[in-house]
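Report on the structure
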Amino acid sequence: MSQRTCLVVDDSTVVRKAARRIIEGFGFNVSEAKDGQEALDACRSGLPEAVLLDWNMPVMDGITFLRAVRAEFGPDQPRIVLCTTEAELSKILEALSAGAQEYVMKPFDADILRDKFTQAGLLEEAA
């Protein structure tokens, strides 16, 4: 079976490294992008199975990237988990209506990410 892929998109190097370590532990091959434009270019050169996406970034923010990816690649690929400090319900609903499969609050840990990846259909339920 080919290696599963995940793109971690965040303008914070620290957050990208932490997320990479956790997601690699789930068995994914992880690549990184520091903003939405870099992430969109990465998707065009090779669509990942999953994207862990920050909301607030320079150049192109998460929601703009999300809409662009959905317009270009359709509603189901890649599976997108939006990861942010934005806690308002209106923001969560905006993300989900724009095409995110799941939504995770920062700070996150391995258990939270495993939960969200499972809900997004990226990981099997733990037996």
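Before reading on, note that the structure itself is shown above.
Since this is a predicted model, take the numbers as computed values, not measurements.

1. A closer look at the sheet that holds strand β1 (residues 4-9)
- What the 5 strands build is an open sheet, ordered β2-β1-β3-β4-β5; its pairing is parallel. Whereas interior strands pair on both sides, the edge strands pair on one side only; in this sheet they are β2 (28-33) and β5 (102-105). Averaged over all pairs of adjacent strands, the angle between strand axes in this sheet comes to 20°, irrespective of strand direction.
- Both β1 and β2 contribute to a ladder of 6 bridges, which runs parallel. The residue bridging arginine 4 from the neighbouring strand is phenylalanine 28, located in β2.
- Packed onto the sheet, helix α2 (residues 36-45) meets β1 and β2 and runs at close to 160° relative to β1.

2. Some details on the environment of glutamine 101
- Counting through the fold element by element, glutamine 101 comes out in the loop between α4 (89-98) and β5.
- Setting aside chain neighbours within four positions, we find glutamine 101 in contact with Arg70, Pro75, Asp76, Pro78, Arg79, Ile80, Leu96 and Ala120.
- A polar atom in the side chain of glutamine 101 sits 3.0 Å from the side chain of arginine 70.
- Within the structure, glutamine 101 has its side chain in polar contact with the backbone oxygen of proline 75 (distance 3.3 Å).

Parameters at a glance
Residues numbered from 1 in each chain as written. Predicted model: local features only at pLDDT ≥ 70, side-chain atom pairs only at ≥ 80, totals over all residues. Heavy atoms only, no water. Pairing = 2+ DSSP bridges. Helix = DSSP H or I, 4+ residues; strand = E, 2+ residues; numbered from the N terminus. Axes fitted to C-alpha atoms, helices over the stretch in contact; angles between N-to-C directions. Contact = heavy atoms within 4.5 Å. Polar contact = N/O pair within 3.5 Å; in protein donor to acceptor, adjacent residues only side chain to side chain.

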